[in-house]
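# Close look at the chain arrangement
These are the residues of each chain, in order.
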Amino acid sequence: MLKTKTFVKKTRSGGVMKIVREHYLRDDIWCGSEFCVECKQDSPVLQKEACIESNLCPFTHYLIPDTNVVLHQIDILEDPLIKNVIILQTVLQEVRHRSGPIYKRIKDIIHDAEKHFYTFTNEHHRETFIERLQAESANDRNDRAIRVAAKWYGEHLKNAPAAEELKIVLLTNDRGNKEKAEETGLIAHKCDEYVKSLIANPELVDRLALTSDDSNEITSSKLLFPEHLPLSKIQTGIKNNTFLQGTFRASRDNYLEATVFVQGEGEDSKEVLIQGLQNLNRAVHQDVVAVELLPRDQWVAPSSVVLQDEGPKDEDEADETETMLKSEASEAMLKPTGKVVGIIKRNWRPFCGMLSKSQIKEATRHLFTPADRRIPRIRVETRQAIALEGQRIMVAIDGWPKHSRYPNGHFVRNLGSAGDKETETEVLLLEHDVPHQAFSQAVLSFLPKMPWGITEEDMKKRMDLRQLCVCSVDPPGCTDIDDALHCRDLENGNLEVGVHIADVSHFIRPGNALDQEAASRGTTVYLCDKRIDMVPELLSSNLCSLRSNVDRFAFSCIWEVNHEAEILSTRFTKSVINSKASLTYAEAQMRIDDAHMNDDITRSLRGLNKLAKILKRKRIEKGALTLSSPEVRFHIDSETHDPIDLQTKELKETNSMVEEFMLLANISVAQKIYDEFSECALLRKHPAPPPSNYDILIKAAKSKNLEIHTDSAKALADSLDEAKLDGFSYLNTLLRILATRCMMQAVYFCSGMDSDFHHYGLASAIYTHFTSPIRRYADIIVHRLLAVAIGADCTYPDLMDKHKQSALCNNLNYRHKMSQYAQRASVAFHTQLFFKSRGNLNEDGFILFVRKNAIIILIPKFGLEGTVFFEHKDQKHSPSLTFNEEGPTLTVEKHTFSMFDKVKVTISLDASNIQHQKIRMALIEPVIPGVSVAAPEDGPVVKRPKLDR
């Protein structure tokens with residue numbers, strides 16, 4: 001049966017276009033029930049034994065949730081107890097339109113065979129399709145479609161054998177929809193009524209999302225925040241430049257401060273400073289908000305105070321706290337300041353943390369403290385408070401009324417005991433949105449069948465390089481070997497150098513489930529004690545890994561160079577290699593240094609090392625930066641998997657050797673794919689930092705009577721080279737660490753969507769990532785582009801679509817950033833484990849930053865950072881603190897602290913707060929009488945940036 005709808009549309013040129021829409025209706029769409037004998041279905045989904053024990057529905061029943069139930073109560077639907085649910089096409093389409101994350105979750109539930117969720121295509125069934133009535137809203141039409149489908153199910157299954165007791169239950173929180181459903185004889189219940197009636201799992205009530213009616217019950221009558229403007233007014237304001245749209249970024253150090261990043265063209269992007277609870281106006285980290293700029297005379301400077309939310313305060317305390325934010329500041333230090341006037345898009349997700357149990361006996365309302373300090377506390381209602389004490393749990397936000405100090409939310413699930421290694425690892429992966437579920441069968445089905453081998457047909461399409469003396473050089477224990485190298489003398493007196501990269505794109509073909517999963521994950525995540533692979537282990541540690549003494553597919557970049565490392569020719573080819581050795585950096589260095597060793601591998605390594613030194617010198621002469629950051633390595637106990645030793649990494653010449661050739665390969669490939677595909681090449685750029693980023697570096701150097709020039713990367717590199725003081729050898733490292741903090745984040749982009757290709761840190765006009773396809777999806781795309789460029793593979797539409805490439809780059813940039821944060825969190829947690837049984841250790845450190853009420857100290861030996869607050873020992877008097885913004889310096893009881901001052905601290909683990917165990921640093925030298933120090937809740941911050949290879 002065919003339904004058609006005809007209408008006319010005015011075109012841009014002023015003409016009229018007739019449009020005919022066809023909608024096909026069918027009789028052969030099955031109901032999915034085991035009861036039914038009419039539908040000719042092979043494998044029905046809905047069970048005969050569909051009885052969830054319920055006081056409200058004590059009979060066999062199928063559930064049909066409406067759109068809002070799916071959107072707001074997805075945590076309930078995910079529970080194993082909820083089975084035999086019919087998801088209508090109408091509902092699924094609305095959910096897809098309104099929330100991508102919820103749509104993915106409901107699709108995952110539908111694909112879970114044990115849940116027995118059935119998708120019924122009611123919009124194409126002849127008896128359930130309805131047309132929209134005149135003057136009927138789209139929402140009312142969809143509600144009616146849901147009721148019609150529910151009614152049809154009841155009638156359709158009424159006469160099925162043994163289905164006399166079966167009922168259809170509509171779940172809706174819409175009062176009008178419920179009343180209309182009951183008028184037509186349907187059984188309809190509010191979701192919370194139904195869940196509270198379940199006998200088998202009374203705890204499921206805790207997972208109910210609060211409705212607007214519920215949330216009003218737990219708020220005060222006092223108005224705490226301004227009303228949010230409606231979306232229509234926000235859109236008008238943005239159009240006429242009254243408001244700005246941007247991403248809300250809460251501060252980790254100060255709960256009363258945030259910035260809103262307003263995206264613009266090129267250098268037109270700006271940050272707006274927000275200070276004070278009312279101006280923050282219920283925005284949560286990563287929300288898209290509308291802000292109104294305050295008059296210029298109300299602009300303020302970013303606060304140097306470190307503030308933690310200690311809970312609700314009375315008015316006087318709150319005013320005093322907010323006054324601390326404000327300080328005298330020079331005109332140059334003032335930032336554009338604004339207030340949040342409305343929320344454009346909430347980016348809420350389930351948050352990990354711990355329950356702060358109410359002191360009121362038998363209370364059911366408690367505060368949840370998130371692990372992420374940028375997220376406000378959340379008010380939740382639960383009857384499991386005693387059982388959840390000391391547990392890591394997940395909570396979702398339901399809403400934030402203007403009368404409530406905190407948002408309202410609901411319990412999602414228990415993750416395990418706080419402090420347990422598995423639990424804490426799960427928390428850091430969830431908090432940093434790292435996909436870490438096991439690979440699905442759909443993904444695994446696209447792996448090569450074992451045993452696998454290289455065929456004669458494969459050899460015809462590839463260059464046979466197995467005779468070359470190729471070897472790999474990697475960290476100890478590396479199993480996912482992406483790259484290998486060779487260097488040999490040519491008869492004409494020149495040298496041939498090859499970088500051979502695992503040919504992952506041969507195994508992962510565009511568009512299949514394996515490719516989609518790798519694209520979604522974006523990167524492999526390396527934690528201290530485990531690795532979260534981007535691709536299944538069969539590929540990452542076996543078939544793609546360039547292990548020694550086995551034949552492997554590679555994508556080779558081969559140069560002919562002279563002895564001054566000048567490139568004479570470049571060629572790219574798909575190849576087969578056989579690595580002659582898998583070496584660690586230390587083993588490779590030992591071969592190079594041992595004068596008695598003179599085998600082919602060692603000679604190749606020496607040739608590579610000699611050329612690498614020349615390449616590095618040339619890069620630095622062009623203005624490439626050599627920055628620094630404390631990197632630590634843990635030695636893990638093989639049985640307990642606890643860290644038994646912690647030390648900063650020692651870099652060898654061989655680290656730099658591999659680095660230089662990876663950089664050279666990336667630059668060569670970038671130029672090749674851009675020459676061939678100027679509109680859709682996937683490249684990587686590193687924007688130059690705005691001059692204001694360098695303010696702290698210039699101030700720090702000036703305090704030591706040194707001058708840092710930041711006009712260009714070369715000027716910065718040269719002045720860092722010259723920045724030395726007699727008797728203070730570590731000063732140069734401190735300056736380079738500080739310079740690293742001034743840098744912008746390097747990002748992937750599509751060449752057809754940007755005009756600035758420059759990589760600031762590497763001083764390269766063009767750059768990409770080609771050398772690590774086992775652990776980075778960007779490299780797989782670059783391999784595909786290069787393969788098409790040299791005629792080794794065919795293209796496909798998405799590869800040549802610059803808009804899709806740009807969207808892919810956005811995801812890769814996000815995944816890369818979250819991966820780095822997860823790695824740092826893993827280092828911080830393992831550092832706590834290391835110090836847990838060590839007692840107190842006294843170590844030298846240097847002041848990295850000075851704040852209004854604290855100093856941040858770096859311990860070079862362990863690569864640790866810790867914040868030390870100053871307070872009076874008797875807690876009744878504040879110590880005398882004088883902060884000088886210009887220095888910056890902090891004077892505490894007549895002693896002045898400056899950046900890079902040497903101090904001595906006692907390091908210990910403070911486990912008094914199980915939610916935020918921390919490394920405590922207490923000053924030993926200098927001694928300040930009458931003043932005590934405290935570490936922040938977040939513990940150490942360990943940063944681990946690498947050269948962008």
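Notes on the structure follow. None of the values given here were measured: they were computed from a predicted structure. (Residues numbered from 1 in each chain as written. Predicted model: local features only at pLDDT ≥ 70, side-chain atom pairs only at ≥ 80, totals over all residues. Heavy atoms only, no water.)

### Describing the sheet that holds strand β8 (residues 244–250)
As a reminder of what qualifies: Here, strands pair whenever DSSP counts at least two bridges between them. Secondary structure is summarised from DSSP: a helix means a run of H or I of at least four residues, a strand means a run of E of at least two, and numbering begins at the N terminus for each. Fitted lines through C-alpha atoms serve as axes, helices being fitted only where they are in contact, and the angles separating the N-to-C directions of these axes extend from 0 to 180 degrees. Any pair of residues with heavy atoms lying within 4.5 Å of one another is described as a contacting pair.
On the basis of which strands lie adjacent, the open sheet formed by five strands has the order β10-β9-β8-β11-β12 and antiparallel pairing. Two strands lie at the open edges of the sheet, namely β10 (270–275) and β12 (338–345), each paired on one side alone. Within the sheet, the average angular offset between the axes of one strand and its neighbour, ignoring direction, is 40°. Pairing geometry for strand β9 (residues 257–262) and β10, over six bridges, is antiparallel. Considered in β10, the bridge of phenylalanine 261 is made with glutamate 271. Relative to β12, helix α9 (residues 231–239) is tilted by about 120°, and along the sheet it contacts β8, β11 (288–293) and β12.

### Some thoughts on the environment of proline 101
The topology assignment puts proline 101 in helix α4 (residues 100–111). Considering only alpha carbons, one finds proline 101 and leucine 71, 30 residues apart in sequence, at a separation of 9.8 Å.

### Structural notes on the packing of aromatic side chains
Under the convention used in this document: Side-chain rings of Phe, Tyr and Trp, where Trp is taken by its six-membered ring, are said to pair if the distance between their centres is within 6.5 Å; with planes under 30 degrees apart they count as stacked, over 60 as edge-to-face, and otherwise as tilted. A ring is considered to have a charge above it if a Lys NZ or an Arg CZ atom is located within 6 Å of its centre and within 35 degrees of its normal.
Following the criterion strictly, the structure yields 16 aromatic pairs and no others. Three or more aromatic residues joined by ring pairs form one cluster here, namely Phe120, Trp152 and Tyr153. The cationic tip of arginine 462 hangs over the ring face of phenylalanine 553; the distance from NZ or CZ to the ring centre is 4.0 Å. For the cation-ring pair, arginine 684 lies above tyrosine 748, with the distance from its terminal atom to the ring centre recorded as 4.5 Å.

### A closer look at the pattern of salt bridges
As a reminder, the rule being used: Salt bridge, as applied in this entry: a Lys or Arg side-chain nitrogen positioned within 4 Å of an Asp or Glu carboxyl oxygen. Relative accessibility thresholds used throughout: buried, under 20% of the residue-type maximum; exposed, over 50%; partly exposed, between the two (1.4 Å probe, protein chains only).
Within the structure shown, the criterion is met by 51 salt bridges. The salt bridge partner of arginine 365 is glutamate 381, with a shortest N-O separation of 3.4 Å. Taken as a pair, arginine 365 in strand β14 (residues 365–370) and glutamate 381 in strand β15 (residues 378–381) lie far apart in primary sequence, 16 residues in all. Residue classification places arginine 365 among the partly exposed residues on the basis of a relative accessible area of 36%.

### Brief notes about helix α23 (residues 731–742)
Note the cut-off: Helices are assigned an expected span. That span is 1.5 Å times one less than the residue count.
Here α23 contains 12 residues, and its C-alpha end-to-end distance of 17 Å stays within 8% of the 16 Å for a straight helix at 1.5 Å per residue. Of all the 12 residues making up α23, 10 are buried; the element is thus mostly covered by neighbouring parts of the structure. For α23, the full list of buried residues reads Leu731, Asn732, Leu734, Leu735, Arg736, Ile737, Leu738, Ala739, Thr740 and Cys742. Looking at the buried positions of α23, the neighbouring elements they touch are α21 (695–703), α22 (713–722), β31 (841–850) and β32 (854–859).

### Structural notes on the side chain of histidine 228
Where we set the bar: For the purposes of these results, a polar contact is taken to be a pair of N or O atoms within 3.5 Å, where, inside protein, one atom must be able to donate a hydrogen and its partner to accept one; residues adjacent in sequence count only when each atom of the pair is a side-chain atom.
Counting through the fold element by element, histidine 228 comes out in the loop between α8 (212–217) and α9. Separated by 2.8 Å, the side chain of histidine 228 and the backbone oxygen of asparagine 281 make a polar contact. Among residues more than four places away in sequence, those in contact with histidine 228 are Asn281, Arg282, Val341, Gly342, Ile343 and Arg346.

### A closer look at the environment of valine 262
Here valine 262 is to be found in strand β9. Residue valine 262 is classed as buried on the basis of its relative accessible area of 9%. Counting along the chain gives 17 residues from valine 262 to glutamine 245, while the straight-line C-alpha distance between them is 6.1 Å. Filtering out sequence-adjacent residues up to four positions away, valine 262 remains in contact with Leu244, Gln245, Gly246, Ser269, Lys270 and Val272.

### A closer look at the nonpolar core
Just so we agree on the cut-off: By nonpolar core we mean a set of buried residues, namely Ala, Val, Leu, Ile, Met, Phe, Trp, Tyr and Cys, connected to one another through side-chain atoms within 4.5 Å.
Counting residues in each nonpolar core, the largest one holds 87 residues, and the members touching the most others are Leu539, Trp559, Leu605, Met657, Phe661, Leu682 and Tyr777. Top contributing element to this core by residue count: helix α24 (residues 777–789), with 10 residues. Leaving out residues up to four positions away in the same chain, tryptophan 559 has contacts with Leu495, Glu496, Val497, Val499, Ile567, Ser569, Thr570, Phe661, Leu664, Ala665 and Ser668. Grouped together as the second largest cluster of nonpolar side chains are 58 residues, Leu92, Ile146, Cys191 and Leu204 included.

On their own, these measurements won't tell you what the molecule is for.
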